Amino acid sequence: MRKTILGMIAALGLTVPVVAVAQQPTTLRVVAHSDLKILDPIWTTAFIVRNHGYMIYDTLFALDGELKIKPQMVDTWKMSDDKLTWTFTLRDGLEFHDGQPVTTEDVIASLKRWAVRDSLGQLLWSKVAEVKAVDAKTFQLVLKAPTGIVLQALGKPSGNPFIMPKRVAETPPSDQIKEFVGSGPFIFKADEWKPGDKTVYVKNLKYKPRAEPASGLAGGKVAKVDRVEWVAIPDQQTAVNALQAGEIDIIESPQHDLYPLIKKDRNVSLVTTNKWGNQYIYRFNQLHKPFDNAKIRQAMLYALNQKDFLNGVIGDPEFYKVCKAMFMCGGPYETTAGFADKYESDFAKARQLLAEGGYDNTPVVLLHSTDLYVLTNMAPIAKSLMEKAGMKVDMQSMDWQTLVARRAKKDPPDKGGWNVLITSTSGADSLDPLTYSFISASCDKAWFGWPCDAEITLLREAFADETDEAKRKEIVEKLQLRAAEVPTHAFLGQYNNAMAIRKNVSGSVVSPVPVFWNIEKK
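All values derive from a computational prediction rather than experimental measurement.

Attention shifts here to the overall build of the protein chain. Across its full length, the protein chain holds 16 helices and 21 strands. Dimensions along the principal axes, computed over C-alpha positions, put the protein chain at roughly 100 × 60 × 45 Å. In the protein chain, which comprises 522 residues, the proportion classed as buried is 56%. Residue pairs in contact within the protein chain that sit at least 24 positions apart in sequence constitute 73% of those at least 6 positions apart. For the protein chain, the accessible surface area stands at approximately 21,500 Å², while carbon and sulfur atoms represent 52% of it.

Encoded structure:
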């Protein structure tokens, strides 16, 4: 009947009014590597919180796809002839999600809060005599002495000084913020946030991206989907099933042993966006026995071996590398100085050092993350190797977000604290002593575990101030030799992973951090 009526209308030369059909919002559904339970990217270094930060906040500078520092919120900048005064001018059109313009007061408050908690921020701020607003768009950093780390600190990929409104940034660094207003390409939907279920972001329609193409964490951050949902699916096989069914679009970090299954699906691709890889970290808490003793920390460097960990988690040698260089094999400061004889599971040497350090068989509390597959098997492997060396181990299991909260506690291990934890860090954050937070030994200001060593601190500062590359490499060798003598941590090898992405999704950006601008979904 309908076809007949339409045919009669056409025969009479009449026109049919066109009814506009509202375009449905485009939603990108992502299984992130972890559930999001903490929302303050300055308060914690957990990567899921950092990733959340890049969704809703903007940065003064950023690394592009070749790890070169580029301006982001900054339009122009200059350094005075005496190299002491840096002047920065913000670009036009910067506006917070609440409609207020971004001003230098917001920037200065954000920088001050960041500099209390970030290891490179602390180092930079130790060299700052004054930070002041010139006007609403221009501010200055006035240094006590010249240093080459200003732009590197302001543009680091993890622990970046995300810019928040002044009223938010004035939250004490020891407290978490309670308002989540940024100026970035997406807006956080706090009313839809359900930990354990989903985290929701919507396109910031007022965001003005830079004119340059997106590159790494820099360039034009163009939100091409209307809505991004991070969906919590802890079980990896369930996540892959949902991806193959088209119920989700991306798995940020699928389990390596599921790669063959993913490769068989013609509608899904494995895409490596973080070409710099990652490094595993075994972290000592030096506030409490037994790891307040350097001999006992040294014992662990001899007891552990990287291959057991890499085989036990990654499995395929195509995606991992045994590496005794603290600052990444393949990086500009690669050297095995101090570590050539370590990471071979020399249990006799480890037992000797435990005895020299006076280890008294007190159980060591080892924190075990159970819900991140890249970490789940790490603690059991560590427990086995530590016990073979003669150490008693109390492995305590918990989800990653609980571990993130617990690692900040300085209480004794038998009062809710800890002795050892295992984590991973981005290769792009591990290429030199400045961005590599695990080598910071600034006592209470250092990363969780709180190592305290004046010599490491002085060497790191010397590296910051040195501009000659040959001399910088000499400093790195001295630093590694010192770190082998008074270890801050053990590094357990390098690995790479890929995102699993449905083929109707395009535009993923090569970046050390997973980002969701520039992505389109058909």
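As a further point, take helix α10 (residues 306-313). Turning to α10, its buried residues are Gln306, Phe309, Leu310 and Val313. The arc that holds the buried residues of α10, viewed along the axis, is 95°, so those residues lie on one side. For α10, the N-terminal cap is Asn305; the gap from its side-chain oxygen to the backbone nitrogen of Lys307 is 3.3 Å. Downstream of α10 by a residue or two, Gly315 has a phi angle that is positive, lying close to 85°.

Reading across the sheet, the four strands line up as β4-β5-β7-β6 and stay open at both edges, with antiparallel pairing between neighbours. The open sheet terminates on both sides in strands that have one partner only, identified here as β4 (74-79) and β6 (128-133). Neighbour-to-neighbour, the strand axes of this sheet turn through a mean angle of 15°, independent of strand direction. As defined by bridge partners, strand β5 (residues 85-90) adjoins strand β7 (residues 138-143) across five bridges and the pair is classed as antiparallel. When the bridges of β7 are listed, Thr85 appears paired with Val142.

Moving on to the packing of aromatic side chains. Enumeration according to the criterion identifies 25 aromatic pairs in this entry. Ring geometry for Phe61 against Trp77: centres 5.1 Å apart, planes inclined by 90°, an arrangement best described as edge-to-face. Pair noted here: Phe61 is in strand β2 (residues 61-63) and Trp77 is in strand β4, with a separation of 16 residues, a long-range link. By relative accessible area, which is 36% here, Trp77 ends up partly exposed. Ring centres of Tyr280 and Tyr495 lie 4.5 Å apart, and the angle between their planes is 25°; on these two criteria the pair is classed as stacked. Taken together, the residues Tyr280 in strand β13 (residues 278-284) and Tyr495 in strand β18 (residues 489-495) connect sequence positions 215 residues apart. We classify Tyr495 as buried; its relative accessible area is 2%. Among the aromatic residues, those joined into a cluster by ring pairs are Phe327, Trp418, Tyr436, Phe438, Trp447, Phe448 and Trp450.

Here the focus is the state of the cysteines. Per the stated rule, a full pass over the model turns up two disulfides. The partner cysteine of Cys323 in its disulfide is Cys329, sulfur to sulfur 2.1 Å. The disulfide joining Cys323 to Cys329 has a torsion of about 100° about its S-S bond and is therefore right-handed. Summarising the burial analysis for this pair, Cys323 and Cys329 share the class buried.

In terms of nonpolar packing, the biggest core is built from 148 residues, with Leu60 and Tyr282 touching the most fellow members. Those residues in contact with Tyr282 that lie beyond four places of it in its chain are Phe291, Met300, Leu304, Ala382, Met386, Val420, Leu421, Ile422, His489, Ala490 and Leu492.

On to the confidence of the model for the protein chain, then. Per-chain confidence: the protein chain averages 94 in pLDDT, with 96% of residues scoring 70 or above. Confidence drops under pLDDT 50 across residues 1-16; counting only partners more than four residues distant or on other chains, this segment forms three contacts.

This part takes up the sheet that holds strand β19 (residues 499-502). A sheet is described by the order of its strands in space; here seven strands give the open sequence β8-β9-β10-β1-β11-β19-β12, paired in mixed fashion. Taken across any chain shown, the strands that pair with only one partner, and hence form the sheet edges, are β8 (186-188) and β12 (268-271). Bridge count between strand β9 (residues 198-203) and strand β10 (residues 227-231): five bridges; the pairing is antiparallel. Bridging across to β10, Val202 finds its partner in Arg227.

Reading the values: the criteria
- Residues numbered from 1 in each chain as written.
- Predicted model: local features only at pLDDT ≥ 70, side-chain atom pairs only at ≥ 80, totals over all residues.
- Heavy atoms only, no water.
- Helix = DSSP H or I, 4+ residues; strand = E, 2+ residues; numbered from the N terminus.
- Buried < 20%, exposed > 50% of the residue type's maximum accessible area, 1.4 Å probe, protein only.
- Contact = heavy atoms within 4.5 Å.
- Areas by Shrake-Rupley, 256 points an atom, 1.4 Å probe, with all protein chains shown as cover.
- Arc of directions from axis to C-beta.
- Polar contact = N/O pair within 3.5 Å; in protein donor to acceptor, adjacent residues only side chain to side chain.
- Pairing = 2+ DSSP bridges.
- Axes fitted to C-alpha atoms, helices over the stretch in contact; angles between N-to-C directions.
- Phe/Tyr/Trp six-rings, centres within 6.5 Å; stacked < 30°, edge-to-face > 60°.
- Disulfide = S-S within 2.5 Å.
- Core = buried A, V, L, I, M, F, W, Y, C linked by side-chain atoms within 4.5 Å.
- pLDDT = per-residue confidence, 0-100.

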